[in-house]
Amino acid sequence: MALEHALLVALSERPASGLELTRRFERSLGFFWHATHQQIYRVLARMEADGWVTVEVVEQEGRPDKRVHTPSAEGRRVLADWLETPMPMETFRSELAVKLRGASYGDRTALMRHLRDARADHALRLATYEQMEREQFPDPTGLAPGLRDRWLVLRGGIRLEHFWIDWITEYLQAHEMETS
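Residues numbered from 1 in each chain as written. Predicted model: local features only at pLDDT ≥ 70, side-chain atom pairs only at ≥ 80, totals over all residues. Heavy atoms only, no water.

The next thing to look at is the overall build of the protein chain. A count of helices and strands for the protein chain gives seven helices and two strands. Put simply, the protein chain runs from its N terminus to its C terminus through helices and strands in the order α-α-α-β-β-α-α-α-α. For 180 residues, the compact-globule estimate of 2.2 N^0.38 gives 16 Å, and the protein chain exceeds it by more than 25% at 21 Å. On the principal axes, the C-alpha backbone points of the protein chain span a range of 65 × 45 × 40 Å. In the protein chain, the proportion of contacts linking residues at least 24 apart, taken out of those at least 6 apart, comes to 59%. Counting only carbon and sulfur atoms, one obtains 54% of the accessible surface of the protein chain, whose full area is about 12500 Å². Treating the 24 positive side-chain charges of the protein chain as one cloud and the 28 negative ones as another, the clouds have centres 2 Å apart. (Helix = DSSP H or I, 4+ residues; strand = E, 2+ residues; numbered from the N terminus. Rg over C-alpha atoms; globule rule 2.2 N^0.38 Å. Contact = heavy atoms within 4.5 Å. Areas by Shrake-Rupley, 256 points an atom, 1.4 Å probe, with all protein chains shown as cover. Lys, Arg positive; Asp, Glu negative; His and termini not counted. Charge placed at Lys NZ, Arg CZ, Asp CG, Glu CD.)

What follows is the structure, encoded as structure tokens:
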């Protein structure tokens, strides 16, 4: 997947200026796909040059004009084509997994400390996702397809955080029993 596709999805949900898109990205798609604001602006400019987005200039009082991006017909076609393309199987590439496998060759005590910190980070992200679900989808029955898709992706994030917390906990418990 290219950043262009993630931006086309976000702009299809709601047209936005670069700044608005960057802020929305950080609160939603950014949990699954990282991009800096410089990358977003650079890709938006390329998408405009390629005809994938149209730009409406909105005058603002006391501030520079705002450029609101919307997918063009070509951008919608590109997104539709990408959505129809078969996906490769997701791969599991994890620094954590390699460190766990190699823990016997270094300072396990330091690793265990880092694991506790990582578990706390995942617990915090899980709490954030669960709060988002409560606030944005208090009753997910009967959601329109676009909202249902967003809710289901959020549910996937919740399940993924449960996985990380459970796996790290299992590892910590197995090695804490060893030292007891």
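The subject of this paragraph is the nonpolar core. Counting residues in each nonpolar core, the largest one holds 18 residues, and the members touching the most others are Leu-3, Leu-7, Leu-8, Leu-21, Phe-25, Ile-40 and Met-47. Among the elements that take part in this core, helix 1 (residues 3-13) stands out by supplying six residues, more than any other. Counting 10 residues, the second-largest nonpolar core is a separate cluster that includes Leu-96, Ala-103, Leu-115 and Leu-172. (Core = buried A, V, L, I, M, F, W, Y, C linked by side-chain atoms within 4.5 Å. Buried < 20%, exposed > 50% of the residue type's maximum accessible area, 1.4 Å probe, protein only.)

What follows deals with a positive patch on the surface. A surface patch of positive charge is lined by Arg-14, Arg-23, Arg-27 and Arg-150. Mapped onto the elements of the fold, Arg-14 is located in the loop between helix 1 and helix 2 (18-27). (Patch = residues over 30% accessible without salt bridge, like charges linked within 9 Å, V, L, I, M, F, W, Y side chains within 5 Å. Salt bridge = Lys/Arg side-chain N within 4 Å of Asp/Glu carboxyl O.)

As a further point, take the domain arrangement of the protein chain. You can read the domains of the protein chain as domain 1 (3-84) and domain 2 (95-177). Using C-alpha coordinates to define each centre, domain 1 is positioned 29 Å away from domain 2. Taken residue by residue, the interface counts four residues in domain 1 and seven residues in domain 2. Together, the buried faces of domain 1 and domain 2 total about 460 Å²; carbon and sulfur atoms form 71% of this surface. Summed over the three residues of domain 1 that lose the most area to domain 2, namely Glu-13, Phe-31 and Phe-32, the buried surface amounts to 92% of that side. (Domains from an automatic or database assignment. Buried area = accessible area lost by both parts, 1.4 Å probe.)

With that settled, the discussion passes to the packing of aromatic side chains. Within the structure shown, the criterion is met by three aromatic pairs. Judged by centre distance (5.2 Å) and plane angle (65°), the rings of Phe-163 and Trp-164 are edge-to-face. Given a relative accessible area of 37%, Phe-163 falls into the partly exposed group. (Phe/Tyr/Trp six-rings, centres within 6.5 Å; stacked < 30°, edge-to-face > 60°.)

Volume-wise, the second largest pocket comes out at about 380 Å³. As for the second largest pocket, its lining consists of 13 residues, and the residues nearest its centre are Phe-31, Phe-32, Arg-125, Tyr-129 and Leu-160. Put simply, the parts of the chain that give the lining of the second largest pocket at least two residues each are helix 6 (108-136) and helix 7 (145-179). Examining the composition of the lining of the second largest pocket, we find that five residues originate from one element, helix 7, more than from any other. Both domains that furnish three or more residues to the lining of the second largest pocket are identified here as domain 1 (3-84) and domain 2 (95-177). (1 Å grid on protein atoms, 1.4 Å probe; cavity = no way out; pocket = protein on both sides within 12 Å on 5 of 7 lines; lining within 4 Å. Points joined across faces, edges and corners; volume = space filled by probe spheres on them.)

Relative orientation of the contacting elements helix 1 and helix 4 (residues 73-84) amounts to 115°, with a least axis distance of 10 Å. Relative to helix 4, helix 1 is oriented so that their crossing is left-handed. Contacts between helix 1 and helix 4 pair His-5, Leu-8, Val-9 and Ser-12 from the former with Gly-75, Val-78, Leu-79 and Trp-82 from the latter. Among the residues forming the contact of helix 1 with helix 4, the class breakdown is five nonpolar, three polar and no charged. (Axes fitted to C-alpha atoms, helices over the stretch in contact; angles between N-to-C directions. Left-handed = near helix turned anticlockwise from the far one by under 90°. Nonpolar A, V, L, I, M, F, W, Y, C, P; charged D, E, K, R; others polar.)

What follows deals with the UniProt feature "domain: Transcription regulator PadR C-terminal" (unreviewed entry) in the protein chain. Within this structure's numbering, the places UniProt gives as "domain: Transcription regulator PadR C-terminal" (unreviewed entry) are residues 93-174. End C-alpha to end C-alpha, residues 93-174 measures 23 Å, and it is 80% helix and 0% strand. (UniProt positions renumbered as here; feature names shortened; annotations may be inferred.)

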